[in-house]
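A look at the structure
Spelled out from the first residue to the last, the chains are:
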Amino acid sequence: MELLSPVTQIGGVGEKTAKTLQKIDVSTVKDLLYYLPRTYKDLSTIKKISEVKFGETAFLEVKIFTQPQVKRIRRGLEITSFQVTDATGIANVDIFNQIYIKNNLTVGQTIYLYGKLEFKFSKIVISAPEIYFKKPDNPFLPIYPLTAGLKQNMMRKFVKDALYKTELKEYYSTGFLQEFKLPDIKKALHDVHFPNDIETASVARARIVFDELLVFNRMMELLGEEKRQKSAAQLTDVQDNRDDFLSRLSFELTGAQLRVMKEMESDLTKDMAMNRLVQGDVGSGKTVIAFYAMHCMYEAGFQSVLMAPTEILAQQHYETAKELFDQQQIVCVTGALSAKSRKEINAKIADGEVKIIIGTHALLYGNVKFAKLGLIITDEQHRFGVKQRAALTGDKSDVHTLIMSATPIPRSLQLVLFGNTDISIVDELPPGRKPVKTYLIHQNKYQDMISFIKNELHAKHQAYIVCPLIEDSENMEAKSATQIFNEMKQYYAGFRMALIHGKMKNMEKQEIMDSFCAGEIDVLVSTTVIEVGINVPNATSMVVINAERFGLAQLHQLRGRVGRGSAQSYCFLVSDNESAYERLRVLTNTNDGFEIAEQDMQMRGTGDILGTRQHGTSTLKVANLIADIRQLEQTRDVLKIMKKNRQFAQEYRAITQAARRELKNKMIEIALN
Ligand code: ADP
Ligand code: MG
């Protein structure tokens, strides 16, 4: 079997399974071998209750301490509960719907549990663990990310067969492997799937990550070389424009905003293309900076594009633009447009009749032709797509580019991703902002919070209620949002309320958002669709239900939706999961996005061997830029050594070739959260 053979050559994989495997981007034997376990089930080490951290999954040897009791919660939900102990502590076990299990359990009996320990309502709880009545024979097993139609056992069998039947050849020289202390690829691939312990797995994975990051670093280098050579419209007399622009604003700019504007001016007056990332915490006032750049281009007769991640945000930028520019010169390209008006707008863009073009990322790709494009701005980018710009400019015209982001990027990552990009930081908030007060809300404080918000509403302020994040299921998410909306309707009878979720039509979402912005809705219940950029200064309360399901950075972004006016704002993180409190407390302690990002990284830990797999066209299949940041730095150094050292010339050529191939074939997309 060859690496590039189709998966159907693997024992047990028929046409149907092959189709299922395609859903997880596995179509060749190679794809399968590089489809790494998400984690491992370690049934080799028995842990003590007292030594397991909350939130950790562990294997325990325990004695049944209390007689199992069955509780019927509602139709279709029955819970069997009992306590277990191992002399270091007592844990409460909940089993869902398998009531027959009760008959196999007696007080005093020894059983083995594999499950996650959590701290809820001041008790140690293990929900839905796997129960073993004797020690398992196969104690260390890979766990793969699955999709409907796949099972762990099937995957394990396929991978075993593939490893057995494929001849895996090492592509580095022995000298190279020795120099950088790497295991042979054959061993690495075997060990990453079927290790004896976690250390072996981690060394094996590191080899695979090494390969990917080496190519990735080289790609970034090549891109940098390419970009440095670009030229773009050179402007003159921009200073005159600045005063004119400032006079149109209703506020004084902060020192940080002015500094960044000047940094941009100096880019735009050079004959090289501007390539700048503007980073600033939520609410720091990046929009006005973007519009200033558009203004400069406008005065010089060039068109500019501002791309927003959502239609709602595009619409909002459009409204702001109307206050700053000649209305006839602005267009907003959204999905709400009819085919006819879309065509008209495209014609105006092609004629050069309009100069300020605002829209969503998606809508601006494709058939739009520009008369005289000078600048592309991407707002609120969490994903940095390198080829996106090329798609927009047809790879030909050289334009200035500006990226606006509230996502803090650690310094060493900046070096690789933006080695040839200039970075401006907006490190000051507009005056008069009061830091948002953030509280953790446990069940017993829930009603207090509800009444507190009622007072805010009586004071004519608005509130956001964000519903639990349910990954991979928009349907479930919508359902749970609807439930919460109905619950809230009872608490806030008499106030104007609306619900937004991902299953609704864009038009409908847009209308609700507009009314909320206009102050016609008091309470907006929504899924995370409001996460980015929305600006409603009169909203002072933000509630996040099941806050433990969100990442810290995401919660910080959500919180940034309030505290945008002069009134005191509040953020309530509702969670009954006390295991998550340590993490969530970072948010109650600071409002500084960079600090939150740092702490988030530290808490996720580098010992964590699982990298989140990035789906789709991403170049990085195994490596994760944040979790594997040490290795990113290391491979950067390795690349330098390879370049200098003739002994590695062959490897260097191979890496360069691979990097060129990737650059040509794929859209490079780097997700940072
Ligand atoms: P972000 O950096 O998150 O994109 P925005 O650009 O949306 O922030 O700005 C947030 C709010 O602050 C907007 O209402 C904007 O008009 C206002 N704003 C921006 N700069 C200033 C300033 N210098 N003084 C007062 N308000 C400002
Ligand atoms: Mg913004």
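The present account deals with the structure reproduced in this document. Quick caveat, the model's predicted, so the values are computed rather than measured. (Residues numbered from 1 in each chain as written. Chains lettered and ligands numbered in written order. Predicted model: local features only at pLDDT ≥ 70, side-chain atom pairs only at ≥ 80, totals over all residues. Heavy atoms only, no water.)

**Considering the site of ligand 1**
Around ligand 1, the surrounding shell holds 16 residues, and the nearest of these are E252, G283, T287, R433 and N535. Between an oxygen atom of ligand 1 and a side-chain N or O atom of T287, the distance comes to 2.6 Å. N535 has a polar side-chain atom sitting 2.6 Å from an oxygen atom of ligand 1. Within the complex, 84% of the 560 Å² of free accessible area of ligand 1 lies under protein. Tallied by class, residues from the shell around ligand 1 come to four nonpolar, seven polar and five charged. (Near = heavy atom within 4 Å. Polar contact = N/O pair within 3.5 Å; in protein donor to acceptor, adjacent residues only side chain to side chain. Areas by Shrake-Rupley, 256 points an atom, 1.4 Å probe, with all protein chains shown as cover. Nonpolar A, V, L, I, M, F, W, Y, C, P; charged D, E, K, R; others polar.)

**With respect to the sheet that holds strand β23 (residues 570-574)**
Taken together, the six strands give an open sheet; going across it, the order is β18-β23-β22-β19-β21-β20, and neighbouring strands pair in parallel fashion. Sheet topology places β18 (437-441) and β20 (497-500) at the edges, where each strand pairs with a single neighbour. Ignoring strand direction, the axes of neighbouring strands in this sheet form an average angle of 15°. Note that strand β19 (residues 462-466) and strand β21 (residues 523-526) share four bridges and pair parallel. (Pairing = 2+ DSSP bridges. Helix = DSSP H or I, 4+ residues; strand = E, 2+ residues; numbered from the N terminus. Axes fitted to C-alpha atoms, helices over the stretch in contact; angles between N-to-C directions.)

**Focus: the sheet that holds strand β17 (residues 422-426)**
The strand order across the open sheet built from seven strands is β12-β13-β11-β14-β16-β10-β17, with neighbouring strands paired in parallel fashion. The sheet terminates laterally at β12 (330-333) and β17, the two strands that pair on one side only. The average angle at which neighbouring strand axes cross in this sheet is 20°, direction not considered.

**Considering the nonpolar core**
In this structure, F291, I358, I377, L402, Y464 and L555 are the most contacted members of the largest nonpolar core, which totals 72 residues. Examining the composition of this core, we find that 10 residues originate from one element, helix α9 (residues 286-299), more than from any other. Dropping the residues within four chain positions of it, L555 is found in contact with V544, A547, F550, L573, L584 and L587. Y35, M219, L222 and I655 belong to the second largest nonpolar core, which has 62 residues in total. (Core = buried A, V, L, I, M, F, W, Y, C linked by side-chain atoms within 4.5 Å. Buried < 20%, exposed > 50% of the residue type's maximum accessible area, 1.4 Å probe, protein only. Contact = heavy atoms within 4.5 Å.)

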